[in-house]
Amino acid sequence: MRHQARSRAVSQAQWFSHVNGVSPSQIMRHWLTDTMSLTKKLIARCECFRVQRLAQRRALALPDEVAAVALPRRVKIQEREVLLRCDEKAMVYAHTIVPLSATASDWPFFGRLGERSLGTTLFGDPRVWRGELEYARLHAQHPLAMRAAAALDIRLHGPLLARRCLYKRGNGLLLVTEVFLPEIVRLWPNPNA
């Protein structure tokens, strides 16, 4: 029984409405709380930015995503997983979900993004409403931390800081979770940008 409770605790994150809930360093506080487009912020700090699409498919919503997108229980959703790379180094693992109840008119671009940035599209659409940021420490056993580690073929030596935000367009909801990878603390402003 105790093992099941511990397993559930590390596979589901505790999300906080204030960044102090995750006690970030000063550098990470800046990355977590900035409300500008993360894509634009990354582009300004490297010579070559790119989105590497890992997957886009139907899958079960993760346990800590269910309430965030007003699902009655764990059901299938459309998910997209990408790595945001600066000069070929992975900085952020991003996971986006859209409930299957959303229509093509709610998120007409979602299925056609390929390796284009979702953030640029969201921030450029006046019909998109953006919710408040939430913050978490994802333990190595959290499904998103495990997926990020697998995509990079690395072993994590501690929790990863993450933020998420709910977006609404028409009647459709979309949840974006950004998991900040260890290399992000080495990313400084690009003097040539």
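Going by the structure above, here's the rest.
Just so it is clear, the model here is predicted, and its values are computed rather than measured. (Residues numbered from 1 in each chain as written. Predicted model: local features only at pLDDT ≥ 70, side-chain atom pairs only at ≥ 80, totals over all residues. Heavy atoms only, no water.)

Asker: Help me understand the pattern of salt bridges in this model?
Answerer: When charged atoms on two side chains of opposite charge get close, those side chains can pair. By the definition in use, this model includes 10 salt bridges. Taking the shortest distance from any N to any O, the salt bridge between Arg50 and Glu88 comes out at 2.9 Å. On the criterion of sequence distance, the pair formed by Arg50 in strand E1 (residues 49–60) and Glu88 in the loop between strand E2 (76–86) and strand E3 (89–99) is long-range, its members being 38 residues apart. A relative accessible area of 30% places Arg50 in the partly exposed class. In this structure, the salt-bridge partner of Glu183 is Arg186, at a minimum N-O distance of 3.7 Å. (Salt bridge = Lys/Arg side-chain N within 4 Å of Asp/Glu carboxyl O. Helix = DSSP H or I, 4+ residues; strand = E, 2+ residues; numbered from the N terminus. Buried < 20%, exposed > 50% of the residue type's maximum accessible area, 1.4 Å probe, protein only.)

Asker: Explain the nonpolar core to me, please; I cannot follow it from the model alone.
Answerer: It is characteristic of soluble globular proteins that their nonpolar side chains tend to be buried jointly. Among the nonpolar cores identified, the biggest contains 34 residues, and Leu42, Trp107, Leu122, Leu174 and Ile184 are the most heavily contacted of them. Among the secondary structure elements, those contributing two or more residues to this core are helix H2 (26–33), helix H3 (38–43), E1, E2, E3, helix H4 (118–123), strand E6 (160–169) and strand E7 (172–180). Ranked by the residues each element gives to this core, the list is headed by E3, at 4 residues. Counting residues in hydrophobic clusters, the runner-up holds 17 residues, among them Leu62, Tyr93, Ala136 and Ala145. (Core = buried A, V, L, I, M, F, W, Y, C linked by side-chain atoms within 4.5 Å.)

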